[in-house]
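Next come the chains, spelled out residue by residue.
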Amino acid sequence: GGDSRPGPARMAREALLRQAVNATVQGTAADIVKMAMIEIDRRLARAGLRSRLLLQVHDELLFEGPPEEIGDLGGLVRTTMEQVVRLSVPLKVEIGVGQSWAEVH
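All of these numbers come straight from a predicted model, not from anything done at the bench.

**Student:** Report on helix α1 (residues 8–47), specifying residues and quantitative values.
**Tutor:** Its 40 residues place the ends of α1 57 Å apart at the C-alpha level, agreeing with the 58 Å of an ideal helix rising 1.5 Å per residue. Listed in full, the buried residues belonging to α1 are Ile32, Val33, Ala36, Glu39, Ile40 and Leu44. Considering only its buried residues, α1 is in contact with β1 (52–57), β2 (60–64) and α2 (70–83). Just downstream of α1, glycine 48 is the residue with a positive phi angle, here 70 degrees.

Written as structure tokens, this is what we have:
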């Protein structure tokens, strides 16, 4: 029996492959979020809501608005983000509500 561990060249090749796959997935996710942000902005204006998108942090969007719009805003954001692209698997959106971003986490 010899050493069954993969050699440095194989390990390097596998690491590069993982990086390439991750970059593609992360780039696609970023594109989806950008498309959703544009469509959410359009829909907010059409709906006459005062709520506004404040910030994007990776795959999260932070909104500010009056408490009475939470239900409408949540529905609008969820629907838009889940339907902005058609994929073979469903996109799922989690929504948190709080007085601050820290409170939601």
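And the narrative resumes.
**Student:** Outline the pairing of β1, listing residues and values.
**Tutor:** Strand residues, when the strand is regular, have side chains that alternate between the two faces of the sheet. Examined bridge by bridge, β1 and β2 share 5 bridges and lie antiparallel to one another. Looking at β2, one finds that valine 57 is bridged to glutamate 60.

**Student:** Now, about the pattern of salt bridges: what can you tell me, with residues and values included?
**Tutor:** Scanning the entire structure with this criterion turns up 6 salt bridges. Between glutamate 39 and arginine 46 there is a salt bridge; the shortest N-O distance is 3.5 Å. On the basis of relative accessibility, which here comes to 62%, the residue arginine 46 falls in the exposed class. One continuous salt-bridge network, built from bridges that share partners, spans Glu39, Arg42, Arg43 and Arg46.

Calculation criteria
- Residues numbered from 1 in each chain as written.
- Predicted model: local features only at pLDDT ≥ 70, side-chain atom pairs only at ≥ 80, totals over all residues.
- Heavy atoms only, no water.
- Helix = DSSP H or I, 4+ residues; strand = E, 2+ residues; numbered from the N terminus.
- Expected span 1.5 Å × (residues − 1).
- Buried < 20%, exposed > 50% of the residue type's maximum accessible area, 1.4 Å probe, protein only.
- Contact = heavy atoms within 4.5 Å.
- Pairing = 2+ DSSP bridges.
- Salt bridge = Lys/Arg side-chain N within 4 Å of Asp/Glu carboxyl O.

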